[in-house]
Every structure is written in C-alpha cells, then in structure tokens.
Amino acid sequence: MANTPQARKRVRQNEERRLRNKHHKSRMRTAIKKVEKAVAEGDKQAAESALEPAVSIVDHVASKGAIHRNTAARTVSRLTRKVQQLS
C-alpha cells in the first residue's frame, strides 16, 4: 500500500491515465474493426468511408501517448493497404 503522499498521488494519477488510455484504445480498436469488416465483405465504398475516421482516431491515440507512434503508423499503413487492394 502507498504510504507517502507522493505515492498516493501516483496511484491516483496512474488509475486516471489507465482509464483514459483504455477509453482511447477501445475507440481505436472499434474504428479498426469497422474498416476490416468492410474489407472482409468486399465493400470498397464502406471501407473507404470508414478508413478516414479510423486513421484520424489512430493518430489521435498516438498523440496522446496511449500507443507508440510507430505502432500507429504501422496500423494506418496496413489498413490503407487492405483498402487499396480491394480495387
């Protein structure tokens, strides 16, 4: 158990950040799944319309530090490639 005031504050901050990161990552995964579902169905129109918000959300999550920027770049690259291969 945290005994010092600094340690208690750290516990509070870590919990707040964990919940914030959890929210961002969940939102990101949902957006990615929408794109992948459209790609799996072969619906290029839906995939392209879902790609733009997904890229935006992934970049936003990376800017907040919930995921690494290289992870974000790799995710965006893979999604974009999947959508482009539909044509």
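See above for the structure.
Residues numbered from 1 in each chain as written. Predicted model: local features only at pLDDT ≥ 70, side-chain atom pairs only at ≥ 80, totals over all residues. Heavy atoms only, no water.

Focus on helix α3 (residues 69–84)
- Over its 16 residues, α3 extends 22 Å from the first C-alpha to the last, a length consistent with the 22 Å expected when each residue adds 1.5 Å.
- Along α3, the positions that sit buried rather than exposed are A72, T75, V76, L79 and V83. One side of α3 carries all its buried residues, which in axial view fall inside an arc of 95°.
- Summarising the contacts, the buried residues of α3 are in contact with α1 (5–41) and α2 (44–63). (Helix = DSSP H or I, 4+ residues; strand = E, 2+ residues; numbered from the N terminus. Expected span 1.5 Å × (residues − 1). Buried < 20%, exposed > 50% of the residue type's maximum accessible area, 1.4 Å probe, protein only. Arc of directions from axis to C-beta. Contact = heavy atoms within 4.5 Å.)

Notes on the nonpolar core
- Residues M28, V35, V58, V61, I67, L79 and V83 are the most contacted members of the largest nonpolar core, which totals 20 residues.
- For this core, the element with the highest residue contribution is α2, accounting for 8 residues.
- With residues near it in sequence (within four places) discarded, V58 still touches M28, I32, I67, A72, T75 and V76. (Core = buried A, V, L, I, M, F, W, Y, C linked by side-chain atoms within 4.5 Å.)

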